Amino acid sequence: MGESFSRSVQSCWDPEGTADLVRKKKAQRAAINKYDELLKMAESGDTSAAGQIQAFDRENMNKGAGEFKGKFWDELQMHNDWPPIVERRRTLNI
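Report on the accompanying structure. As the structure is a computational prediction, the values presented were derived from the model and not from experiment.

Criteria and thresholds
Residues numbered from 1 in each chain as written. Predicted model: local features only at pLDDT ≥ 70, side-chain atom pairs only at ≥ 80, totals over all residues. Heavy atoms only, no water. Core = buried A, V, L, I, M, F, W, Y, C linked by side-chain atoms within 4.5 Å. Buried < 20%, exposed > 50% of the residue type's maximum accessible area, 1.4 Å probe, protein only. Helix = DSSP H or I, 4+ residues; strand = E, 2+ residues; numbered from the N terminus. Contact = heavy atoms within 4.5 Å. Arc of directions from axis to C-beta. Salt bridge = Lys/Arg side-chain N within 4 Å of Asp/Glu carboxyl O.

**Some points on the nonpolar core**
Reasoning step 1: Grouped together as the largest cluster of nonpolar side chains are 12 residues: Ala31, Ile32, Tyr35, Leu38, Leu39, Ile53, Phe56, Phe72, Trp73, Leu76, Trp82 and Ile85.
Reasoning step 2: For this core, the secondary structure elements donating two or more residues are α2 (15-43), α3 (49-61), α4 (71-77) and α5 (82-92).
Reasoning step 3: Counting residues per element, this core draws most heavily on α2, which supplies five residues.
Reasoning step 4: Setting aside its immediate chain neighbours within four residues, Trp82 contacts Tyr35, Trp73, Leu76 and Gln77.

**Some words on unusual backbone geometry**
Reasoning step 1: We note that Asn93 has phi near 60 degrees; this positive angle belongs to a residue other than glycine.
Reasoning step 2: Taking the relative accessible area as the measure of exposure, Asn93 reaches 72% and is therefore exposed.

**Brief notes about the side chain of Gln28**
Reasoning step 1: Within the secondary structure layout, Gln28 lies in helix α2.
Reasoning step 2: Sequence-distant contacts of Gln28, that is, excluding residues within four places in its chain, are made with Phe72, Glu75, Leu76 and His79.

**Side note on α5**
Reasoning step 1: Buried within α5 we find Trp82, Ile85, Arg88 and Arg89. Angularly, the buried residues of α5 cover 125 degrees about the axis, an arc narrow enough to put them on a single face. For α5, the exposed residues lying more than 90 degrees away from the buried face are Arg90 and Thr91.
Reasoning step 2: One or two positions beyond α5, positive phi appears at Asn93, with a value near 60 degrees.

**Focus: the environment of Arg29**
Reasoning step 1: Residue placement: Arg29 occurs in helix α2.
Reasoning step 2: Remark: the alpha-carbon pair of Arg29 and Asp81, spanning 52 residues in sequence, is separated by 8.9 Å.
Reasoning step 3: Contacts of Arg29, omitting those with residues within four sequence positions, involve His79 and Asp81.

**Let's talk about the pattern of salt bridges**
Two side chains that carry opposite charge are able to pair once their charged atoms sit near each other.
Reasoning step 1: Going through the model one piece at a time under the given rule, you end up with nine salt bridges.
Reasoning step 2: The partner of Arg88 in a salt bridge is Asp36, and the shortest N-O contact between them spans 2.4 Å. On the criterion of sequence distance, the pair formed by Arg88 in helix α5 and Asp36 in helix α2 is long-range, its members being 52 residues apart.
Reasoning step 3: Owing to a relative accessible area of 24%, Asp36 belongs among the partly exposed residues under this scheme.
Reasoning step 4: When the shortest N-O distance is used, the salt bridge between Glu75 and Lys71 registers 3.9 Å. You can see Glu75 and its partner Lys71 sitting in helix α4, four residues apart, about one turn around the helix.
Reasoning step 5: Classification of Glu75 by relative accessible area gives buried; the value is 17%.

By themselves these figures say nothing about function.
As structure tokens, this is what we get:
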């Protein structure tokens, strides 16, 4: 309950910041879902998946402009669901 109340208060005090946080989390989830999809392709034997994963890496590394360039990539790697992605990539040597 306390966490829910805290989020409600924060969204009232800083609605733009809350909207930015929601957009960031949605973008991270979309990226993780895409990595999952690409890794499933690689695990099923699709030889083009490795190249697609590397291209998606570059796309995510280049997200943002100016001082924010690369920030998305850094924050994506801190996401709780990132370590299993890394482990699957190691297994596939990607």
